[in-house]
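Each chain, letter by letter, is given below.
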Number of protein chains: 2
Amino acid sequence: MTAPDTQEDAPHTGAPVPPHRTPRGTLSRELLLDAAMEIVRIGGADAFSMRALGSRLEVDPTAFYRHFRTKNELLDALADILIAGDEPLPSTGDARADLRESLHQLRRCLLRHPTMAAVILRRPPGGRAYWERANHAIGLLRGLGLSAEAATSVYQTLLFYCLGHVLSEARAVAAAVARDRRPGTPTATFNPPAHQLPDLAAAVPFLRADTRTQFNEGLDLILGSLPAPG
Amino acid sequence: MTAPDTQEDAPHTGAPVPPHRTPRGTLSRELLLDAAMEIVRIGGADAFSMRALGSRLEVDPTAFYRHFRTKNELLDALADILIAGDEPLPSTGDARADLRESLHQLRRCLLRHPTMAAVILRRPPGGRAYWERANHAIGLLRGLGLSAEAATSVYQTLLFYCLGHVLSEARAVAAAVARDRRPGTPTATFNPPAHQLPDLAAAVPFLRADTRTQFNEGLDLILGSLPAPG
DNA sequence: ACCTGAACACCGTTCAAGT
DNA sequence: ACCTGAACACCGTTCAAGT
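Predicted model, so just to flag it, every value in this text is computed and none were measured.

Quick word on the protein's contact with DNA strand D
Reasoning step 1: Contacts to DNA strand D come from 18 residues, most closely from A:Arg51, A:Lys71, B:Asp60, B:Thr62 and B:Arg66.
Reasoning step 2: Within the backbone of A:Met50, an N or O atom sits 3.1 Å from a phosphate oxygen of DNA strand D.
Reasoning step 3: Between DNA strand D and the protein, one listed contact pairs a phosphate oxygen with a backbone N or O atom of B:Asp60 at 2.7 Å.
Reasoning step 4: Within the surface near DNA strand D, the residues separate by chemical class into five nonpolar, seven polar and six charged.

Right, dumping it as structure tokens:
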């Protein structure tokens, strides 16, 4: 039922992506997006450049400008695919549970390629998948008896919390990847300078908690103040 | 008391940053950071490159590698300065109010240069200012009677919410800047495709709400479930 | 109609050479 | 000790030319 909580970005060796010969005249948005996703899957977000896309499809690096006006436009299309994911939006009838699950889903979608998450989150949201998620979640909140205004407010709080959490997890993955590439660098994230910061020192043991549970605790906190089911 | 809620990034004309003649042998970390901050202030995050820094200081673009090992290291030092801000951490005795104010402070620090926010938030946090803020906030939460574990959990929820909110605001500013550079592009953020998304359509009027108030509402929601003052 | 390839105006970083 | 400058290996994008 629940997709595995994996982060499947590749070892980021910067290794060349194997080419896929493309017959002339067959370039399409779909083919380009597939190839781009494959590059990200194999080499992470850093590996994705117009030139890399060109060499993967054995096509001139400038051939895409017929299908996407800019790299950012291609990126937005890629983001929409990732945000859509491959699971249907939850609708078990239990609005509270569905809401929680829909945010877990969004987190999983974005963390599927952690190095991509930060890149996606820098762009203003515009894809259909993003707005469908918003519509779904706001609908669930209104189903709990909230006004449109209150539902919007709560949704934005949940969404921003989710985005911040994902960003933070994605950063940690990126840092770990960088450490593997150039070993010897300590993990700054979980080795904070707790010297002369006593309350931080007390918190350090709890910063290591697994991030899915941590995410869920935050959801509990935010959802805790909602009206009880009637 | 409260700093103005401004976002003071420049018009981002890409205009050349005026040079500041630098006598030989006087390059220092501090001078480099000052110049870098000035470039960001004038031209936004996009204008900041090693070469731009070089031409501003009238120095070879590779002269910095004595003081910072990489551009990212310089960026992290810059981030620390921004996160530190220029206001003291609030300590009025009212832990709840101080907590709220400390998060408003963090938001203001990061939004001081909105184009920089997304760049900063991509990097793993490591600076002293970041950890001092964490220590301060966790201390306040423990002062409210929370255990170290609970305080850590609540702090992370608040922090991630704050980061997501800031990211979202920064994205909107960046989009607005891009629109000014190439006018005619509609605002996707606040013109969601509400067609066939009725709950989203109902929410649209409330998405425009001013972002400071919106931020505060989210804080209320998260802080609402904390134990009442004893 | 669709793709090519040269070209433009950039990047971050390294390293031998200068002063 | 400190800075220079050429060089390396890249970027995204434009546009005239080809097929």
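Regarding the interface of chain B and chain A
Think of interface size as the accessible area that goes away when the parts come together; that is how it is often given.
Reasoning step 1: With 50 residues of chain B at the contact, the number on the chain A side is 50 residues.
Reasoning step 2: Taking both partners together, chain B and chain A bury about 4,800 Å²; carbon and sulfur atoms supply 67% of that area.
Reasoning step 3: One salt bridge connects B:Arg142 with A:Asp199, and the closest N-O pair in it is separated by 3.1 Å.
Reasoning step 4: Contributions of two or more residues to the side of chain B that touches chain A are made by helix 5 (114–122), helix 6 (128–143), helix 7 (148–181), helix 8 (198–207) and helix 9 (211–223) of chain B.
Reasoning step 5: Ranked by residue count, the leading element in the side of chain B that touches chain A is helix 7 of chain B, at 16 residues.
Reasoning step 6: Classifying every residue of the side of chain B that touches chain A gives 27 nonpolar, 14 polar and nine charged.

Quick notes on helix 2 (residues 50–57) of chain B
All names here are of chain B.
Reasoning step 1: Within helix 2, six of the eight residues are buried, which leaves it mostly tucked inside the rest of the structure.
Reasoning step 2: Buried within helix 2 we find Met50, Ala52, Leu53, Gly54, Arg56 and Leu57.
Reasoning step 3: The inward-facing, buried residues of helix 2 contact helix 1 (29–43) and helix 3 (71–84).
Reasoning step 4: Following helix 2 by one or two positions, Glu58 adopts a phi angle in the positive range, close to 50°.

Quick word on the packing of helix 3 of chain B against helix 4 (residues 95–111) of chain B
All names here are of chain B.
Reasoning step 1: The interhelical angle for the contact between helix 3 and helix 4, taken along N-to-C directions, is 135°, at an axis separation of 7 Å. Between helix 3 and helix 4, the interaxial angle falls into the category oblique. Helix 4 is crossed by helix 3, and the crossing has right-handed handedness. The segment helix 3 lies against helix 4, with Leu82, Ile83 and Ala84 engaging Leu106, Cys109 and Leu110.
Reasoning step 2: Classifying every residue of the contact of helix 3 with helix 4 by side-chain character gives six nonpolar, no polar and no charged.

The rules we used
- Residues numbered from 1 in each chain as written.
- Chains lettered and ligands numbered in written order.
- Predicted model: local features only at pLDDT ≥ 70, side-chain atom pairs only at ≥ 80, totals over all residues.
- Heavy atoms only, no water.
- Near = heavy atom within 4 Å.
- Polar contact = N/O pair within 3.5 Å; in protein donor to acceptor, adjacent residues only side chain to side chain.
- Nonpolar A, V, L, I, M, F, W, Y, C, P; charged D, E, K, R; others polar.
- Contact = heavy atoms within 4.5 Å.
- Buried area = accessible area lost by both parts, 1.4 Å probe.
- Salt bridge = Lys/Arg side-chain N within 4 Å of Asp/Glu carboxyl O.
- Helix = DSSP H or I, 4+ residues; strand = E, 2+ residues; numbered from the N terminus.
- Buried < 20%, exposed > 50% of the residue type's maximum accessible area, 1.4 Å probe, protein only.
- Axes fitted to C-alpha atoms, helices over the stretch in contact; angles between N-to-C directions.
- Parallel < 35°, antiparallel > 145°, perpendicular 65-115°, else oblique.
- Left-handed = near helix turned anticlockwise from the far one by under 90°.

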